Amino acid sequence: MKLREAASTIFALTAILPLLVFVYFMWRFERLESTEAQVGIFCALALTLLGYVLFRRLTQRVADLGRALGQAMNVPGAHTEKNAAPAAKGSSSAAVPGLGQVNEIGEIAQAFGRMLVELRASTERLEDLVFKLGALNDMVEMAARIPRIEDLLSHVLERTMRAVSAGIGSIMLLDRDRQTLRVAVGRGLLEAGRGPVEVKVGEGIAGKVVEMGEAVVVEDIEKDPRFGQANDPRYGGGSFICMPLRVAERIVGVVNLSKKEVAPGSTGVFSQTDLQFLNALATYTAYAVDNARLFEEAQQAAQRLQEVVEDQKLRLTLAQQQMIQAAKLSALGELVAGVAHELNNPLTVLVGASDILEQQAPDGLKEYAQMIRESTDAARHIVRGLLTFGRQMPLERRHVMLDELIDKVLALTAADLRIESVKVDRDIEPSLPPVWADGNQLQQVLVNLVTNAKQAMAELPEGQRRLKVTTRALGTDRVLISLEDTGPGIPADVLPRIFDPFVTTKGSAGTGLGLSISYGIIREHGGHITADSRPGHGATFTIDLPVGSAGGSTPDEAGPSVNLDGKRILIVEHDQAVQKILLEHLEPTGCTALTVARADEARQHLRDGIDLVVADFNLDGVDWLELLGQVAARGTAVGHRFIFITAGPVGDAADKALRAAGAALLYKPFTGAQFLDAVRATAS
């Protein structure tokens, strides 16, 4: 039944039928003949007709509204399984008791049902959009709170999968150098043990997305041929989307999402809203990843800078320690050199006198004369070692065979080692190159180290006192000497200062100068000496020396006899004892020797045709360098016949000037053989 038919029926029942009943009763009781009744019935009939017309217009408007609602809601997709139930309910609500189904009421009910369905769908879409916007906001906040890329990507992937209802997902970062995509974080990946963790640019969907720079949406991943490669991660079935992560025009990675869940046990496709959300997310994620990468690089750069700073601080500390140690050694050297200088003149007399005594003593006294010479020679080497330690005296270098030097050192200390029951192990590498060094100085260092090791092991039981001496070649230009004992070791707080002056582990029994002097001697040779020790496990001293090259030897033995017949030699020396010793050395040469003690006397004799001058370089009242310059300016050869003797260093500039002038320089104390060698070389 249509609404107008239903309206006519209702109007007839409510208006026409009562009027007819009224007319019938008026006729039955014979009241129709009156004019008043007829007029009343006519008016009622007119009003009824007017009401019928108005009622029909109203019902027509309602019917038109129902048709309009039905046409408006009757669009493609409006009648789905989801709104089928509300439509059926609308058909039952169109029934009117006594009239049956009314079409327009059913259409209105169905329209309102469909409107309710659309309203619910719109509400769900709005809630989904609000959730996605909230997820975006959370991820923006997370990007500021989480500095590590791995942690940030893990949170981003988790929120993204929840926002788009994805069951499987991963984020891959681009390695530009290798042109590969690496899985940085993943969730729900199937067959994880097979591992594809890397995809080359241009291969697979992810590689194509990086190459093209555009997102790819696949309706069914299992049917897409781009997933047929064995090295691609498996993302199950269903819809799949790959979205590039872009920073400006630069792609830094991709987001992979698959298996969109519509309802439990069912899958669907990604919607346009999902795509819009993922597009916005990709922008935020890309910048967050880039910022996190820059932050990590900044942290790494800061860490490297800190390491460089710490290394420089360590180097500065070591340099400061070396400077302090050098200053200590320099101060000690000046102190020692000051004492040694005072001993040089008397030692020169003693050394010369002992040489003369050994040559002229009768047979019964030769042994004692030899003992005096050996003792004075030892004292000479000690004083020279002190001056060398203070860098006040050049080394007396010669070729030194290390195996012979070690044999000599062990022979000198054999008695003490035997008394202390120290077993010596030798590990001497054969055929070591000779070292161009001062043998007496190296001997002093080694004797000191052996003596220290013996004293360190004095408290150990017999059988546990062992000393190992090792030599090794370090390439072709350096050699190594190592002495290792089994003593109690050096305390950790003393080890860094073991070569400092006056530092000792012997208490009042030691002076603390032996190792500092040894350090200075090795340093003067251009080498290094180091100490290594663990408390309770002995100590090891290692000497690293350059092989060096010969620059002229200084033998102690006299060469061929010197013949200076007819030569006039002037000795300029204020110490009469030294004058006498020099005269005794020159007497066998057959020369005529004159001695003076002052500079003015020396100048007078220089004009008398002197062939050779032996002069104290530090004589007051004369500048020998200036004098040599004047002689050279006159073009004479006198400058090549000077021998200068000195008790201390003359300085590099003076040494070079003397060598340039052809003059010889002889350091006190010296032996007769060394003096005659200098005379032979200069007078010839």
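Refer to the structure above for everything that follows.
All values derive from a computational prediction rather than experimental measurement. (Residues numbered from 1 in each chain as written. Predicted model: local features only at pLDDT ≥ 70, side-chain atom pairs only at ≥ 80, totals over all residues. Heavy atoms only, no water.)

A few words on the environment of Asn452. Mapped onto the fold, Asn452 is located in helix α10 (residues 439-456). Asn452 sits in the buried class, given a relative accessible area of 18%. Asn452 sits 53 residues away from Thr505 along the chain, and the two C-alpha atoms are 9.8 Å apart. (Helix = DSSP H or I, 4+ residues; strand = E, 2+ residues; numbered from the N terminus. Buried < 20%, exposed > 50% of the residue type's maximum accessible area, 1.4 Å probe, protein only.)

Strand β7 (residues 240-247) sits mainly inside the fold: 7 of its 8 residues count as buried. Bridging between strand β6 (residues 216-218) and β7 involves 3 bridges; their strand directions are antiparallel. By the bridge assignment for β7, Val217 is matched with Ile241. (Pairing = 2+ DSSP bridges.)

This part covers the pattern of salt bridges. Taken as a whole, this structure holds 11 salt bridges when the rule is applied. One salt bridge connects Arg466 with Asp425, and the closest N-O pair in it is separated by 2.7 Å. In this pair, Arg466 sits in strand β13 (residues 466-474) while Asp425 sits in strand β11 (residues 423-428), placing the two residues 41 residues apart along the sequence. Overall, Arg466 belongs to the partly exposed group, its relative accessible area being 31%. Residue Asp425 is classed as partly exposed on the basis of its relative accessible area, which comes to 23%. With its nearest N and O atoms 2.6 Å apart, the salt bridge here joins Arg472 to Asp427. With a gap of 45 residues between them, Arg472 in strand β13 and Asp427 in strand β11 connect regions that are remote in the sequence. On the accessibility criterion, Asp427 (26% relative accessible area) is partly exposed. Among the charged side chains, a network of salt bridges with common partners joins Arg598, Asp600 and Glu601. (Salt bridge = Lys/Arg side-chain N within 4 Å of Asp/Glu carboxyl O.)

Moving on: the nonpolar core. By size, the foremost hydrophobic cluster in this structure holds 41 residues, and its most contacted members are Leu446, Leu449, Leu467, Leu483, Phe499, Phe541 and Ile543. Mapped by element, the contributors of at least two residues to this core are α9 (402-419), β12 (435-437), α10, β13, β14 (478-485), α11 (514-524), β15 (528-533) and β16 (539-546). Ignoring any residue separated from it by four or fewer positions in sequence, one finds Phe541 in contact with Leu449, Ile481, Ser482, Leu483, Ile490, Phe499, Leu515, Thr530 and Ala531. Among the nonpolar cores identified, the runner-up in size contains 28 residues, and Val156, Leu157, Ile241 and Ala282 belong to it. (Core = buried A, V, L, I, M, F, W, Y, C linked by side-chain atoms within 4.5 Å. Contact = heavy atoms within 4.5 Å.)

On to the packing of α9 against α10, then. Relative to each other, α9 and α10 sit at 35°, their axes nearing to 10 Å. Crossing hand, α9 versus α10: right-handed. Here α9 contributes Leu405, Ile406, Lys408, Val409, Leu412, Thr413, Asp416 and Leu417 to the contact with α10, which in turn contributes Gly439, Leu442, Gln443, Leu446, Val447, Val450 and Lys454. For the contact of α9 with α10, the residue count by class is 9 nonpolar, 3 polar and 3 charged. (Axes fitted to C-alpha atoms, helices over the stretch in contact; angles between N-to-C directions. Left-handed = near helix turned anticlockwise from the far one by under 90°. Nonpolar A, V, L, I, M, F, W, Y, C, P; charged D, E, K, R; others polar.)

Turning our attention to the packing of helix α12 (residues 576-586) against helix α16 (residues 672-683). Look at α12 against α16: their axes get within 10 Å of each other, and the N-to-C directions meet at 65°. Compared by their axis directions, α12 and α16 come out roughly perpendicular. Of the two elements, α12 crosses α16, and the hand of that crossing is right-handed. Along the contact surface, α12 presents Leu582, His585 and Leu586, while α16 presents Gly672, Phe675, Leu676 and Val679. Here the residues of the contact of α12 with α16 sort into 5 nonpolar, 2 polar and no charged. (Parallel < 35°, antiparallel > 145°, perpendicular 65-115°, else oblique.)

Here we come to the environment of Phe277. Following the sequence through the fold, Phe277 ends up in helix α7 (residues 272-360). Its relative accessible area of 4% is what places Phe277 among the buried residues. Separated by 113 residues in the primary sequence, Phe277 and Val164 have C-alpha atoms spaced 8.4 Å apart.

This part is about unusual backbone geometry. A cis geometry characterises the amide bond from Lys668 onward to Pro669, with omega recorded as -10°. Residue placement: Pro669 occurs in the loop between β21 (664-667) and α16. Positive phi, normally seen in glycine, also occurs at Gln179, with a value near 55°. Following the sequence through the fold, Gln179 ends up in the loop between β3 (166-175) and β4 (180-187). Its identity is not glycine, yet Ser431 carries a phi of approximately 60°, on the positive side. With respect to the element layout, Ser431 can be found in the loop between β11 and β12. Relative accessible area serves as the criterion here: at 75%, Ser431 is assigned to the exposed category.

Next up on the list: the sheet that holds β21. Taken together, 5 strands build an open sheet; the order of strands is β18-β17-β19-β20-β21 and the sheet is parallel. What marks the edges here is a single partner per strand, and that holds for β18 (592-596) and β21. Within the sheet, the average angular offset between the axes of one strand and its neighbour, ignoring direction, is 20°. Bridge analysis of strand β17 (residues 568-572) against strand β19 (residues 612-616) gives 4 bridges, and the strand direction is parallel. Looking at the pairing, Ile569 lines up with Leu612 of β19. Strand contacts of α12: β17, β18, β19 and β20 (642-646), with the helix running at about 175° to β18, the strand carrying the most contacts.

Taken as a whole, this structure holds 7 aromatic pairs when the rule is applied. When the ring of Phe642 is compared with that of Phe644, the centres are 5.4 Å apart and the planes differ by 20°; the resulting orientation is stacked. Ring-pair connections join several aromatic residues into one group, and the members of that group are Phe617, Trp624, Phe642 and Phe644. (Phe/Tyr/Trp six-rings, centres within 6.5 Å; stacked < 30°, edge-to-face > 60°.)

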